[in-house]
Amino acid sequence: MRDLIIDRAEVYVVGPETPRYAWAASMPEQFMSNAILRLYTKDGLEGFAGAAMSTSHCFDTSVGETLRYLLPEVMGRSVHEREALWPRVHSLNTPLVPQAHSLIDIALWDLAAKAADMPLYRLLGGARDKILSYASTPMLASADAYVDFVGELKDQGFKAVKYHCWCDITRDMPMVRKVHARHGDSGLKFMLDVEQRYNRQDALKAARVLDELGFTWFEAPLIDTDLQGYADLRRRVDVPIIPGGNTVLDLSAIELAIRMGCWSAARVDATIAGGITPTRKILAIAEANGMTAELQCWGYTLTQAANLHLMLAYTNSGYFEQPSPYPAFEYGSLDVIRTDGEGYVHAPPGPGLGVRVDWPAVELASLLHFEIR
């Protein structure tokens, strides 16, 4: 077995000029930076990972800056020390920016899979090589715009659509009813995400509407930390309830929420939850409790790839989240992840994450770039 000792790292924070979207009426259009970590071994192998940061008013470089403090702990260590490195890096006395921890872990897994000359999902378990996707929309201007966009998505082959909406129940419920009246008999599955912006009363009213319309799930109806509110809501409706997935990330907290009956499925993003190492454990906790783990994939191609490989490695994820429209999420990638005409996304074919990066494009749009040896 090759030692695969890390001896160099490069960090980029990329701020491309791409279309910007919002996911609530109270949210400005978001600047989405892409933090990319590139790790090199002494014998010349290269691995990388990317994580998106969505912020108002300007691009966020905090993930890149946090890596200045974390990466010295990785230099001189073996790629095979992933399980030991994760708690070591996670426990350092630095500001908690979870994407930074995630980048280190995912890049190490990318290196390990490349060293084995295997796609990452096969190294992790290889349960399947494709999964159904759902189109994850931005907030649109009107109910009619949703009706039209859902029609376009259906024509592209999507079998499921999740709305990001205004997060105002007086606008959201008429919209979902109008889309359902037009497309409800088409065979499409529907989800709604209100970005943790409803109160308990509005969440219950909305859940009853979604129940009536047969929605596949209701996402982030309440702030993720309102575990009691989630448990109460889930007891009162049949529509599946899932969290936003960006706040409750600790393994013990996730297990507690599951035992309290808060969620119908677990939900995290590997680029936020700490990487592949902890996220595979979250998948196992969900499986042990008879539920799926519906991973987030909102972000650039590298974010999508990390989560896709995990979902393909195991059997307890139902859908891949396909950010739509495509172009805003594909900057800097030579290989992209898109849903086929049958509604599936497929495993990237190459070793590791299986995605080639357009490094000249990354450098062109970099807001921050440094190297650590």
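My aim in this report is to walk through the structure given alongside it, one point at a time. Just so you know, these numbers come straight off a predicted model, no measurement behind them.

Definitions and cut-offs
Residues numbered from 1 in each chain as written. Predicted model: local features only at pLDDT ≥ 70, side-chain atom pairs only at ≥ 80, totals over all residues. Heavy atoms only, no water. Disulfide = S-S within 2.5 Å. Pairing = 2+ DSSP bridges. Helix = DSSP H or I, 4+ residues; strand = E, 2+ residues; numbered from the N terminus. Axes fitted to C-alpha atoms, helices over the stretch in contact; angles between N-to-C directions. Contact = heavy atoms within 4.5 Å. Core = buried A, V, L, I, M, F, W, Y, C linked by side-chain atoms within 4.5 Å. Buried < 20%, exposed > 50% of the residue type's maximum accessible area, 1.4 Å probe, protein only. Arc of directions from axis to C-beta. Salt bridge = Lys/Arg side-chain N within 4 Å of Asp/Glu carboxyl O.

Let us look at the state of the cysteines. Using the criterion set out here, one finds zero disulfides in the structure. No disulfide involves Cys297; its sulfur sits 19 Å from that of Cys165, the nearest cysteine.

Our focus in this paragraph is the sheet that holds strand 1 (residues 6–14). Sheet architecture is open: four strands sit in the order 3-2-1-11, paired in antiparallel fashion. In the strand order of this sheet, the two ends are held by strand 3 (46–56) and strand 11 (366–372), each with one partner. Neighbouring strand axes in the sheet, compared pairwise and without regard to direction, differ in orientation by 15 degrees on average. Of the strand pairs in this sheet, strand 1 and strand 11 are connected by six bridges, and their pairing is antiparallel. If you follow Val14 over to strand 11, its bridge partner there is Ser366. The strands touched by helix 3 (residues 98–115) are strand 1, strand 2 (30–41) and strand 3; relative to strand 3, the strand with the most contacts, the crossing angle is about 155 degrees.

The next subject is the nonpolar core. Of all hydrophobic cores here, the largest spans 137 residues; its most connected members are Tyr163, Val176, Leu192 and Phe218. Ranked by residue count, the leading element in this core is helix 3, at 10 residues. When sequence neighbours within four positions are dropped, the list of residues in contact with Val176 reads Tyr163, Leu192, Val209, Leu210, Leu213 and Phe215. Among the nonpolar cores identified, the runner-up in size contains seven residues, and Ala160, Met191, Ile242 and Tyr319 belong to it.

A word on helix 2 (residues 82–90). Three or more residues of helix 2 are buried, namely Arg82, Leu85 and Val89. On an axial view of helix 2, the arc spanned by its buried residues comes to 60 degrees, and they lie on one face. The elements touched by buried residues of helix 2 are helix 1 (62–70), helix 3 and helix 10 (276–288).

Summed over the entire model, instances satisfying the criterion amount to 24 salt bridges. Across the pair Glu219 and Lys162 runs a salt bridge, and its minimum N-O distance is 3.0 Å. In this pair, Glu219 sits in strand 7 (residues 217–219) while Lys162 sits in strand 5 (residues 160–164), placing the two residues 57 residues apart along the sequence. With relative accessibility at 2%, the residue Glu219 sits in the buried group. In this structure Lys162 comes out as buried when scored by relative accessible area, which is 0%. Residues joined by salt bridges that share partners form a network here, namely Arg8, Glu10, Arg38, Glu46, Glu371 and Arg373.

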